[in-house]
Amino acid sequence: MSTAPPQRHIGDVLLKLDGISLAFGGVKALDDVSFEVRSHEIRAIIGPNGAGKSSLLNVINGVYHPSQGAVTYKGTTYRQMRPHEAARRGIARTFQNIALFKGMTVLDNIMTGRTLKMHAGFLFQCLYFGKARSEELAHRRKVEHIIDFLQIEHIRKTPVGRLAYGLQKRVELARALAAEPELLLLDEPMAGMNLEEKEDMCRFILDANDEFGTTIVLIEHDMGVVMDLSDRVVVLDYGRKIGDGSPDEVRRNQAVIDAYLGVRH
Amino acid sequence: MGFFLEVVLGGLMAGVLYSLVALGFVLIFKASGVFNFAQGAMVLFAALTLVRLMEILKETFSPFLIALLLTIAVMIALAWVIERLVLRPLVNQPGISLFMATLGISYVLDGFGQAVWGSDVYALDVGIPKRPIVLFESMVPGGVLVPSEDLAAALIAGLLVLGLGVFFQRTRIGRALRAVADDHQAAQSVGIPLNTIWVIVWTVAGLVALVAGIVWGSKLGVQFSLGLVALKALPVLILGGFESIVGAVVGGLIIGVGEKVSEVYLGPAVGGGIENWFAYVLALLFLLVRPEGLFGERHIDRV
Amino acid sequence: MLYREAGQFKTTYGADQAVFPIRQDQLFIALWLAVGFVLVPLVSSEYLLRAILIPFLILALAALGLNLLVGYCGQLSLGTGGFMAVGAYAAYNLCVRIPALNPLVAFLLAGGVSTLVGIAFGIPSLRIKGYYLAVATLAAQFFLDWVFSRVAWFSNNTPSGSITAPPVTLFELTFDTPVKKYSLCLSILVLFAAVAKNLVRGRIGRAWMATRDMDVAAEIIGIRPMYAKLSAFAVSSFFIGVAGGLWAFVHLGSWEPLAFDVNRSFSILFMVIIGGLGSILGSFLGAAFITVLPLVLNQLPQWLGISISTAMISHLEAMIFGCLIVFFLIVEPLGLARLWRIGKEKLRLWPFPY
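Residues numbered from 1 in each chain as written. Chains lettered and ligands numbered in written order. Predicted model: local features only at pLDDT ≥ 70, side-chain atom pairs only at ≥ 80, totals over all residues.

## Quick look at the overall build of chain A
Moving on, step 1. Looking only at helices and strands, one finds 10 helices and 10 strands in chain A.
Moving on, step 2. Against the globule reference of 18 Å for 265 residues, chain A gives a C-alpha radius of gyration of 19 Å, in line with a compact fold.
Moving on, step 3. Each of the three principal axes of chain A carries a C-alpha extent, and together these read 65 × 40 × 35 Å.
Moving on, step 4. Burial status across chain A gives 45% buried among its 265 residues. (Helix = DSSP H or I, 4+ residues; strand = E, 2+ residues; numbered from the N terminus. Rg over C-alpha atoms; globule rule 2.2 N^0.38 Å. Buried ≥ 20, exposed ≤ 12 C-beta atoms within 10 Å, placed from the backbone.)

Below is the structure:
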């Protein structure tokens, strides 16, 4: 698994983080982190546990508000953004501990991803008529497209709580993709998967990037995946950035080796 | 001035009674994260059992003592039954399910208590002096009249709070209880027996309910409306924080005083009855401004 | 064998998303509606209609409203009685002060008033959850109790506090006989149930369920918690307000504030829990259960030949309720509705065991 990723049209800077610091009580989760993500690229964030990777994603989509620094997305700089605004601007994400709606079926979960694109008025909803009905069917069509893409047709009516972990992760990805995001944040999308599932997931991520042009930021521990998938890598340790560059550059970075990668014995 | 002091003192005394009930809630919440709606029903049940047993044992040499011991035994048995039949099967369910289960328990206790012991009003006399005492003669002309049973209640409550505080902070069981409240699984993994802990907690809460029942009962008589006290304890907990013993006391006092003062001074302007909802509206305001209460802890959700 | 889907293929998404996709279900529902609208009024005694069926229908409407809030959106509310009172008193005041106003229209307007009050008392839900929200709704309940009993204006300054509602009319028709009242309530219930079903299977319903299951995640995909929660309070209060108007005008005739006290709130919450949270059918099953149970308990001693005092019966009733609540929470938290669904699943395989 070591072919170079195909050349993609990597565009301008889509997301820029400037001096982000985040503290919880006395604990500094992030300390002056700055980097950028370009359109259409796949950017990986790696680092030991507790390095602040998830917190970084939370800052990007507004779940946490940084105590210092600012985030610039598509030209607009902000520091305090509510998560639903982030969604509105085209940022979607998945979570390390799956954040699916356990009481609903797979289909309904993915349909919630389309919420922002549904506009039918309340009265139409009450009667399930006119715009409400046609919207519902149109979005169902889109969602089925994604279900095909991720090969989860056989479980579309199953309540999510009953699915195996690997399938739940796939449904979460489907929900994120359903929003047709420009920026997709993936928090350890392959955690707990076997080799076959990982290959499938990699393929899905690459396809999403290819077919939908989605820019992807992903947190991942499997170095093989990181090296193969990503265009550039950011390395965090104790909340600080200690490496930033192409996979090869980062692999040779001494600080990164000391903190995270280790040496071959 | 004297009148105002009297009203305030009256409010403080009522507040103490609320605090006693709220204490039971706090104990259970602190140790298991369950909001025990049945606490009020437990107060009534304990008081009813005691009063009726005292009557049955009228002829013996010390009806109160024997009845007290028997009632304590009953409350222990009750705690055991609740743990076995309700808490254990529901151990991993969300808090709301447990809350609703305690709602069910309160109905059962109410029905059972009244079915077995009857639903009349019973006077409870455990020897608490009832003569009013005059206080503050130096500050206020004529002094302020304070019912001595209220003073006794305050004293008992104070001792109880002190005892519970020591229990939680200093003893091994207290430490275990705090561990359980923090994280069930972690506590189990260091060998703390969850089920035993819960029986202990509910027993202690039951005993606190008994004390509250005795104090309330001797003041108001043991009757069905005692069970409604539970509903009043909710605002106390909102004010004080669900997990704080000190908060239960302070919250109870604030609500007690607030109720009495607003009833006496604002009541006539709006036709009275402020007491019915003052506590709740105050709690509502607190919820909007400081949801964790005066002494509670802020919860941070990890995503 | 009878209840198989074999051969019924959905070729369009529309067909798949229908409320009753299986043909047997469609027949079943048609049958129930026929029974409800035609058969029942023909064969039922006045007592049956007045004491059981009409209260059941109205409480089912209230339970439906509460289920939308508690079961679908996950917001615990103990103020149902209060909101019913709002509906009742609003309808009463509208009818009394605007004599030309048709009571049915007044019900809808009263529902609107209840909606506004519901939204107001739902605002705390934006910051608090679970037990805390329960307290806020209890505050609403007690406060409304007090308002309707102390502020004489609401009772049109009637000295006794007990007020009588004008009869309900529609054009030339007066709903005075039990059969007519029953038909009115059934029609309203069916209509509202259809609306509820439509809401629940669309965008708004999904937003509610997402908020219930994990509101942080819901916000992250763009569902605004404020809209979701307040809309749940609004719709729920509308249903409950209309139910309150019906309860006062059609079932009780004359009432005082006690009719809508905290016990009423608990009883409707029990209906929702026992019937099944997050299920429209569950609201009906729960309402039926709770309406019928006291009557059965009252008659049981006679059937068994034991004599028990009425006081004792009410104590036993309380105990049985409590035990049932705990039982359902342990054994089947999804309530009677889930048992029904399991039954249907078994029916699909019948006569085979699996």
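## Looking at helix α8 (residues 203–220) of chain C
Residue and element names in this part refer to chain C.
Moving on, step 1. End to end, α8 covers just 16 Å across 18 residues, shorter than the expected 26 Å (1.5 Å per residue, more than 12% under).
Moving on, step 2. At Met214, α8 is bent by approximately 130°, the largest bend along its length.
Moving on, step 3. The buried fraction of α8 is high, at 15 of 18 residues.
Moving on, step 4. The positive-phi residue at the C-terminal boundary of α8 is Gly222, with phi of around 110°. (Expected span 1.5 Å × (residues − 1). Bend = angle between axes of the 7 residues up to and from the residue.)

## Some points on the domain arrangement of chain A
All names here are of chain A.
Moving on, step 1. By domain assignment, chain A separates into domain 1 (1–90 + 181–265) and domain 2 (102–179).
Moving on, step 2. A C-alpha centroid distance of 27 Å is found between domain 1 and domain 2.
Moving on, step 3. Opposite the 10 residues of domain 1 that make contact, domain 2 presents 9 residues.
Moving on, step 4. Among the elements that line the side of domain 1 that touches domain 2, the one with the most residues is helix α7 (residues 195–212), at 3 residues.
Moving on, step 5. Considering only residue class, the side of domain 1 that touches domain 2 consists of 7 nonpolar, 1 polar and 2 charged. (Domains from an automatic or database assignment. Contact = placed C-beta atoms within 7 Å. Nonpolar A, V, L, I, M, F, W, Y, C, P; charged D, E, K, R; others polar.)

## Here we look at helix α12 (residues 275–289) of chain B
Moving on, step 1. Relative to the 21 Å expected for 15 residues at 1.5 Å per residue, α12(B) spans 22 Å between its end C-alpha atoms, a close match to the ideal helical length.
Moving on, step 2. Those residues of α12(B) not exposed but buried are Trp277(B), Phe278(B), Ala279(B), Tyr280(B), Leu282(B), Ala283(B), Leu284(B), Phe286(B) and Leu287(B).

## Overview of the sheet that holds strand β10 (residues 240–245) of chain A
Residue and element names in this part refer to chain A.
Moving on, step 1. Pairing is mixed across the open sheet formed by 6 strands, whose spatial order is β6-β7-β8-β3-β9-β10. With partners counted over all chains shown, the strands left at the sheet margins are β6 (91–93) and β10, one partner each. Each strand of the sheet is rotated relative to its neighbour by a mean of 15°, with strand direction disregarded.
Moving on, step 2. The sheet contact formed by β6 and strand β7 (residues 183–187) spans 3 bridges and is parallel. Bridge assignment links Ile91 to a residue of β7, and that residue is Leu183. (Pairing = 2+ DSSP bridges. Axes fitted to C-alpha atoms, helices over the stretch in contact; angles between N-to-C directions.)

## A closer look at the sheet that holds strand β4 (residues 68–73) of chain A
Residue and element names in this part refer to chain A.
Moving on, step 1. Ordered by their spatial adjacency, 4 strands build an open sheet running β2-β1-β4-β5, and the pairing between neighbours is antiparallel. Across the chains shown, the open sheet's two edge strands, defined by having one partner strand only, are β2 (27–38) and β5 (76–78). Each strand of the sheet is rotated relative to its neighbour by a mean of 20°, with strand direction disregarded.
Moving on, step 2. Summarising the sheet, β4 and β5 pair through 3 bridges and their orientation is antiparallel. Bridge pairing in β5 places Val71 opposite Tyr78.

## Section: the nonpolar core
Moving on, step 1. Ala47(B), Val208(B), Ala283(B), Ile58(C), Leu61(C) and Val135(C) are the most contacted members of the largest nonpolar core, which totals 285 residues.
Moving on, step 2. The dominant element in this core, judged by the number of residues it contributes, is helix α3 (residues 46–72) of chain C, at 17 residues.
Moving on, step 3. Taken together, domain 1 (1–90 + 181–265) and domain 2 (102–179) of chain A each give at least three residues to this core, which thus spans both.
Moving on, step 4. Setting aside residues up to four positions removed in sequence, Val135(C) forms contacts with Leu234(B), Pro235(B), Ile238(B), Ala283(B) and Leu287(B). (Core = buried A, V, L, I, M, F, W, Y, C linked by C-beta atoms within 7 Å.)

## Some points on the packing of helix α4 (residues 80–97) of chain C against helix α10 (residues 262–275) of chain C
Residues and elements named next belong to chain C.
Moving on, step 1. The N-to-C vectors of α4 and α10 enclose an angle of 110°; their axes lie 6 Å apart at closest approach. Between α4 and α10, the crossing angle belongs to the class labelled roughly perpendicular. Counted together, Thr80, Gly81 and Met84 of α4 and Val262, Arg264, Ser265, Ile268 and Leu269 of α10 form the full contact between these two elements. (Parallel < 35°, antiparallel > 145°, perpendicular 65-115°, else oblique.)

## Concerning the confidence of the model for chain B
Residues and elements named next belong to chain B.
Moving on, step 1. Averaged over every residue, the pLDDT of chain B is 78; the share at 70 or more is 84%.
Moving on, step 2. Averaged over each element, pLDDT in chain B is lowest for strand β1 (residues 132–135) (66) and highest for helix α3 (residues 63–87) (88).
Moving on, step 3. Both scores are available for the predicted complex, with the pTM at 0.85 and the ipTM at 0.84. (pLDDT = per-residue confidence, 0-100.)

## Details of unusual backbone geometry
Moving on, step 1. A positive phi angle, close to 55°, is found at Asp32(A), a residue other than glycine.
Moving on, step 2. Among the secondary structure elements, Asp32(A) is positioned in strand β2.

## Focus: the pairing of β7(A)
Residue and element names in this part refer to chain A.
Moving on, step 1. In terms of residue burial, β7 counts as a mostly covered element, since 5 of its 5 residues are buried.
Moving on, step 2. Of the two faces of β7, both are covered, the one formed by Leu183, Leu185 and Asp187 as well as the one formed by Leu184 and Leu186.
Moving on, step 3. Running through α7, the crossover from β7 to the neighbouring parallel element strand β8 (residues 215–219) is right-handed. (Right-handed = clockwise from strand over helix to strand, strands pointing away.)

## Structural notes on the interface of chain C and chain B
Moving on, step 1. Counting residues at the interface gives 32 residues for chain C, matched by 38 residues for chain B.
Moving on, step 2. Elements with a minimum of two residues in the side of chain C that touches chain B: α6 (130–150) and α12 (310–331) of chain C.
Moving on, step 3. For the side of chain C that touches chain B, the element with the highest residue contribution is α12(C), accounting for 13 residues.
Moving on, step 4. When its residues are assigned to classes, the side of chain C that touches chain B shows 26 nonpolar, 3 polar and 3 charged.

## Remarks on the packing of α3(C) against helix α7 (residues 178–200) of chain C
Residues and elements named next belong to chain C.
Moving on, step 1. Put simply, α3 and α7 touch, their axes get as near as 10 Å, and they point 15° apart. When the axes of α3 and α7 are compared, the pair comes out roughly parallel. Between α3 and α7 lies a crossing of left-handed hand. Across from Glu46, Leu49, Arg50, Leu53, Ile54, Leu57, Ile58, Ala60, Leu61, Leu64, Leu68 and Tyr72 in α3, the residues of α7 making contact are Pro178, Val179, Lys181, Tyr182, Cys185, Leu186, Ile188, Leu189, Phe192, Ala193, Ala196 and Val200.
Moving on, step 2. Taken together, the residues of the contact of α3 with α7 sort by class into 21 nonpolar, no polar and 3 charged. (Left-handed = near helix turned anticlockwise from the far one by under 90°.)

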